[in-house]
Number of protein chains: 2
Amino acid sequence: MNQIDYARLDRDDPLAHKREIFELPNDTIYFDGNSLGALPKIVAQTVNETTREQWGNDLIKSWNQHDWVNLPTIVGAKIAHLIGAQSNEVICCDSISVNLFKVICAAINAVGSEKRRVILSTRDNFPTDLYMVQGVESFLGQQRCELKLVDEAELVDAVDERTVAVLATEVNFRTGRRLDLQQLSQAAHAQGALMIADLAHSAGVMPIQLSQWQVDYAVGCTYKYLNAGPGAPAFVYVSQRHHAKLKQPLQGWFGHLNPFAFEPEYQSAKGIRQMLVGTPPVISMQAVNAALECFNDVSLAQVRAKSMQLTHTFQQSLAAQDWSSDFELISPSHAEQRGSQLSYAHPNAYEICQALIERGVIADFRAPNYIRFGFAPLYNQFQEVERAIAILADIMSTEAYRDPRWQTRSTVT
Amino acid sequence: MNQIDYARLDRDDPLAHKREIFELPNDTIYFDGNSLGALPKIVAQTVNETTREQWGNDLIKSWNQHDWVNLPTIVGAKIAHLIGAQSNEVICCDSISVNLFKVICAAINAVGSEKRRVILSTRDNFPTDLYMVQGVESFLGQQRCELKLVDEAELVDAVDERTVAVLATEVNFRTGRRLDLQQLSQAAHAQGALMIADLAHSAGVMPIQLSQWQVDYAVGCTYKYLNAGPGAPAFVYVSQRHHAKLKQPLQGWFGHLNPFAFEPEYQSAKGIRQMLVGTPPVISMQAVNAALECFNDVSLAQVRAKSMQLTHTFQQSLAAQDWSSDFELISPSHAEQRGSQLSYAHPNAYEICQALIERGVIADFRAPNYIRFGFAPLYNQFQEVERAIAILADIMSTEAYRDPRWQTRSTVT
């Protein structure tokens with residue numbers, strides 16, 4: 001018995017009008033915006049125009065005429081608005097991984113010593129976060145950098161006088177569990193350590209307050225809930241408190257105080273600009289700039305409210321099925337304790353995921369046996385939840401997932 | 001008296017048919033392809049299609065369906081073909097600056113020691129090359145990395161037993177002077193050092209032979225003579241000789257042996273893939289892939305021959321003018337000793353450059369008083385040289401460059 005009135009939820013949804021600004025394929029229920037956000041119509045137009053008009057027609061003059069040279073800070077300021085930061089604390093550039101390297105090194109430069117050399121993180125943090133620390137570790141040597149991993153629940157208590165920084169992702173990519181960045185930041189500061197936040201699964205969907213939470217450094221991507229396209233440039237945040245003494249080793253010409261003077265000695269730009277390295281990827285940067293317009297008339301409180309309602313509705317709807325006991329919810333059971341996703345363990349998770357995709361419900365699989373459903377409040381609808389659960393119910397009752405095609409796994413994302 | 005038959009040179013040009021594959025604005029003579037290459041028509045189509053079809057319609061499935069996941073190596077193999085490298089020695093990723101950091105660190109890891117710690121480069125190398133070494137230097141400390149700068153002419157003799165690597169740009173961005181990479185490579189190896197080449201102003205226009213010249217590492221960009229768009233992803237080359245022991249600190253998840261296993265310990269991919277860091281910028285990467293098709297039916301010998309003929313023709317044509325003595329050629333006077341550009345010093349270089357741009361001749365200015373003319377053999381024509389010199393002659397005879405608007409300099413590129 002299912003008493004949820006999905007149609008009514010959609011009618012009452014204050015964000016319902018946003019769906020039409022996206023290009024979404026017919027007959028597809030897209031629950032993978034946590035991996036790759038959908039295409040906003042304005043981005044398709046902008047990419048085409050940037051390519052044909054700005055590059056093709058105005059050529060090199062566009063660096064001035066279309067202000068290409070300032071795109072990283074223009075876009076950064078717009079992202080700042082979505083993560084509770086000041087306009088001059090965020091810049092758009094490079095990938096999350098490269099930006100992690102900058103902020104890990106900046107933290108070591110700021111407070112590191114032979115005694116204080118531990119980067120403290122969680123065992124199931126997204127791997128690239130751990131790999132980048134391991135890279136710094138092997139490069140600098142363990143007398144300057146040492147990665148220490150603990151379980152999420154132990155993180156707060158594990159901070160001590162040897163900690164350079166706590167490195168934590170707000171929303172766990174596998175389980176969707178939300179960590180309390182403010183609490184972590186306080187725990188770090190109480191021990192003289194710094195706080196580095198990874199906002200990959202948060203930016204654009206969680207009501208982040210970096211300034212208020214006194215987070216020191218943060219990184220995030222724009223291709224998930226910010227809908228800027230596959231592999232779009234990432235962003236990096238550095239609290240104003242650290243601008244004066246900021247120092248990171250990726251000293252490229254775009255981070256120079258005066259790049260077009262072409263001086264042989266590096267002198268860092270003031271403030272956040274020194275996080276820039278090479279020439280900015282202009283077309284992708286304009287895509288991010290356009291994608292951010294999707295947030296013009298919405299508040300993140302609305303986005304978060306709908307996100308919680310979507311995960312709650314999906315969870316309730318699945319729980320009402322007679323096969324639901326085979327699906328073990330590995331996300332926290334309360335919506336406020338998780339990001340905008342639900343992950344379920346099932347022995348046949350991979351095959352079920354393939355069967356869903358074949359029927360137009362795009363979710364994704366994560367080893368060893370999880371199905372992840374991501375919910376993007378700007379375009380997902382409650383009636384999509386209803387249809388997805390009906391399709392899943394059909395797959396489970398007919399055992400359609402037992403298909404020899406899916407005995408060999410080939411999915412890469 | 002000017003006896004050059006420009007029309008005939010164009011008629012005899014075996015690359016003349018390539019111009020029509022580019023979108024070039026009317027009434028513009030574009031001599032700045034050494035800064036930002038022109039837009040190939042196929043790139044505009046590809047960018048639009050990648051955005052609308054691959055991202056917009058196929059969404060996350062494109063990582064497999066459109067082989068997004070292998071784009072860095074697919075594109076790298078095509079670039080390898082243009083720089084005399086093996087297919088598995090080149091990968092497309094990040095910016096030149098970030099790639100410089102990887103190869104500088106890789107060289108230090110390969111042969112560095114307390115005694116051997118010098119990165120040897122030239123005073124007027126492109127600044128980002130020097131800045132990146134300075135970043136490594138300040139991060140690792142001078143007991144592991146020390147930048148030493150000499151004049152171009154002293155480079156070969158300056159290599160000694162303290163040298164980790166020679167870091168040289170084949171074509172000087174200001175003067176256009178070509179360095180002999182093979183000779184530098186031999187000089188480095190004779191002292192147990194390694195050779196790092198920057199191909200920013202070479203790739204796609206110079207007949208580079210990295211394997212034959214035994215260059216150890218190289219970086220280069222795709223937005224100049226490879227025409228892949230503003231800030232398009234760069235490339236990095238590592239000789240197969242170094243693959244087995246390759247180690248660089250930017251250890252991101254895309255450089256992992258098995259990225260989608262999401263293991264907490266970094267284990268590097270085999271070969272060139274370990275130079276990858278974060279998620280590849282797909283739309284830009286497809287742009288590079290398409291742009292490389294412009295080279296399908298041409299040889300770099302043809303490209304180089306036309307490039308030399310273009311610079312020679314321009315030089316001769318300018319030298320025949322009665323005001324030519326005010327223009328001091330700072331590029332080498334023989335075409336084979338320079339890349340595909342000519343640089344002239346003139347006391348009013350900035351203003352003359354602005355007057356040229358206003359009249360549709362796009363060249364660029366470099367401090368303190370140089371005008372650079374870049375020649376792209378795939379689309380520039382000999383009759384453009386004729387028209388540009390005529391326009392320049394008019395500017396000089398009327399002193400049109402003495403315009404109060406150009407008293408304040410605002411050009412950034």
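Residues numbered from 1 in each chain as written. Chains lettered and ligands numbered in written order. Predicted model: local features only at pLDDT ≥ 70, side-chain atom pairs only at ≥ 80, totals over all residues. Heavy atoms only, no water.

In the annotation of an unreviewed UniProt entry, the entry for chain A reads Kynureninase, and the organism field reads Idiomarina baltica OS145. Here chain A is described in UniProt, under the heading Subunit (unreviewed entry), as follows: "Homodimer." The Sequence similarities (unreviewed entry) field of the UniProt record for chain A holds the comment "Belongs to the kynureninase family." (UniProt positions renumbered as here; feature names shortened; annotations may be inferred.)

## As for the UniProt feature "modified residue: N6-(pyridoxal phosphate)lysine" (unreviewed entry) in chain A
Residues and elements named next belong to chain A. The sites that UniProt annotates as "modified residue: N6-(pyridoxal phosphate)lysine" (unreviewed entry) are Lys-224. With respect to the helices and strands, the residue Lys-224 is situated in the loop between strand E9 (217-220) and strand E10 (235-238). We classify Lys-224 as buried; its relative accessible area is 10%. Within polar-contact distance, the side chain of Lys-224 engages the backbone oxygen of Asn-34 at 3.0 Å. (Helix = DSSP H or I, 4+ residues; strand = E, 2+ residues; numbered from the N terminus. Buried < 20%, exposed > 50% of the residue type's maximum accessible area, 1.4 Å probe, protein only. Polar contact = N/O pair within 3.5 Å; in protein donor to acceptor, adjacent residues only side chain to side chain.)

## Notes on the sheet that holds strand E10 (residues 235-238) of chain B
Residues and elements named next belong to chain B. With respect to topology, 7 strands assemble into an open sheet ordered E4-E10-E9-E8-E7-E5-E6, the strand pairing being mixed. A strand with exactly one partner marks an edge of an open sheet, and here the two such strands are strand E4 (90-92) and strand E6 (146-150). Strand after strand, the sheet turns through a mean of 20° between neighbouring axes, direction not considered. As paired strands, strand E8 (residues 194-198) and strand E9 (residues 217-220) are joined by 3 bridges and run parallel to one another. Along E9, the bridge assignment pairs Ala-197 with Ala-218. Contacting strand E5 (118-122), strand E7 (163-169), E8, E9 and E10, helix H5 (residues 96-111) crosses the sheet at an angle of about 175° to E9. Lying on the sheet, helix H8 (residues 181-190) is in contact with E7 and E8; it crosses E8 at an angle near 155°. (Pairing = 2+ DSSP bridges. Axes fitted to C-alpha atoms, helices over the stretch in contact; angles between N-to-C directions. Contact = heavy atoms within 4.5 Å.)

## Quick word on the sheet that holds strand E14 (residues 364-366) of chain B
Residue and element names in this part refer to chain B. With antiparallel pairing, the 4 strands of this open sheet are ordered in space as E11-E12-E15-E14. The sheet is open, and its two borders are formed by strand E11 (328-329) and E14, each paired with just one other strand. For strand E12 (residues 341-345) and strand E15 (residues 370-374), the ladder comprises 5 bridges, and the chain directions are antiparallel. What sits directly across from Tyr-344, in E15, is Ile-371. Where helix H10 (residues 300-319) meets the sheet, it contacts E11, E12 and E15, and its direction lies at approximately 30° from that of E12. Strands E14 and E15 of the sheet are contacted by helix H11 (residues 349-358), whose axis makes an angle of about 40° with E15.

## Quick look at the relation of the copies chain A and chain B
One copy of the chain maps onto the second through a rotation around an axis plus a translation along that axis. Taken as rigid bodies, chain A and chain B are interconverted by a rotation of 180° and an axial shift of 0.0 Å, the fit giving an RMSD of 0.0 Å. The transformation relating the two chain copies, once decomposed into turn and shift, fits a two-fold axis. When each C-alpha of chain A is compared by its distance to the rotation axis, Asn48(A) comes out closest, at 3.0 Å. Interface overlap between copies is the fraction of interface residues in one copy that are interface residues in the other; for chain A against chain B it reaches 98%, indicating a shared surface. (Least-squares fit on C-alpha atoms with pLDDT ≥ 70 in both.)

## As for helix H6 (residues 127-140) of chain B
All names here are of chain B. For H6, which comprises 14 residues, the first-to-last C-alpha distance of 20 Å matches the rise-based estimate of 20 Å (1.5 Å per residue) to within 8%. Burial of H6 is extensive: 13 of the 14 residues sit out of reach of the surface. One or two positions beyond H6, positive phi appears at Gly-141, with a value near 95°. (Expected span 1.5 Å × (residues − 1).)

## Regarding the pairing of strand E8 (residues 194-198) of chain A
Residue and element names in this part refer to chain A. Along E8, 5 of the 5 residues are buried, which leaves the element largely enclosed by surrounding structure. Residues of E8 alternate between two faces, with Leu-194, Ile-196 and Asp-198 on one and Met-195 and Ala-197 on the opposite face, all of them buried. Here strand E7 (residues 163-169) runs beside E8; their pairing, made up of 5 bridges, is parallel. Across the sheet, residue Ala-165 finds its bridge partner in E8, namely Leu-194. What joins E7 to E8 is helix H8 (residues 181-190), and the crossover it makes is right-handed. (Right-handed = clockwise from strand over helix to strand, strands pointing away.)

## Remarks on the interface of chain A and chain B
Contacts between the two partners involve 85 residues from chain A and, on the opposite side, 83 residues from chain B. Taking both sides of the interface into account, the surface hidden between chain A and chain B amounts to around 7100 Å²; carbon and sulfur atoms contribute 68%. Viewed at the interface, chain B and chain A are joined by 0 salt bridges. Here chain A is connected to chain B by 26 residue pairs in polar contact (both at pLDDT 80 or more). The leading source of residues in the side of chain A that touches chain B is helix H6 (residues 127-140) of chain A, at 11 residues. Of the residues contributing to the side of chain A that touches chain B, the split by class is 46 nonpolar, 27 polar and 12 charged. (Buried area = accessible area lost by both parts, 1.4 Å probe. Salt bridge = Lys/Arg side-chain N within 4 Å of Asp/Glu carboxyl O. Nonpolar A, V, L, I, M, F, W, Y, C, P; charged D, E, K, R; others polar.)

## Focus: empty space enclosed by the protein
Counted according to the given criterion, the structure contains 9 cavities of 30 Å³ or more. Within this model, the second largest cavity holds a volume of roughly 450 Å³. Lining of the second largest cavity is provided by 38 residues; of these, Phe126(A), Tyr223(A), Lys224(A), Trp253(B) and Thr279(B) occupy positions nearest its centre. Secondary-structure elements contributing two or more residues to the lining of the second largest cavity are helix H5 (96-111) and H6 of chain A. Within the lining of the second largest cavity, the residues separate by chemical class into 17 nonpolar, 13 polar and 8 charged. (1 Å grid on protein atoms, 1.4 Å probe; cavity = no way out; pocket = protein on both sides within 12 Å on 5 of 7 lines; lining within 4 Å. Points joined across faces, edges and corners; volume = space filled by probe spheres on them.)

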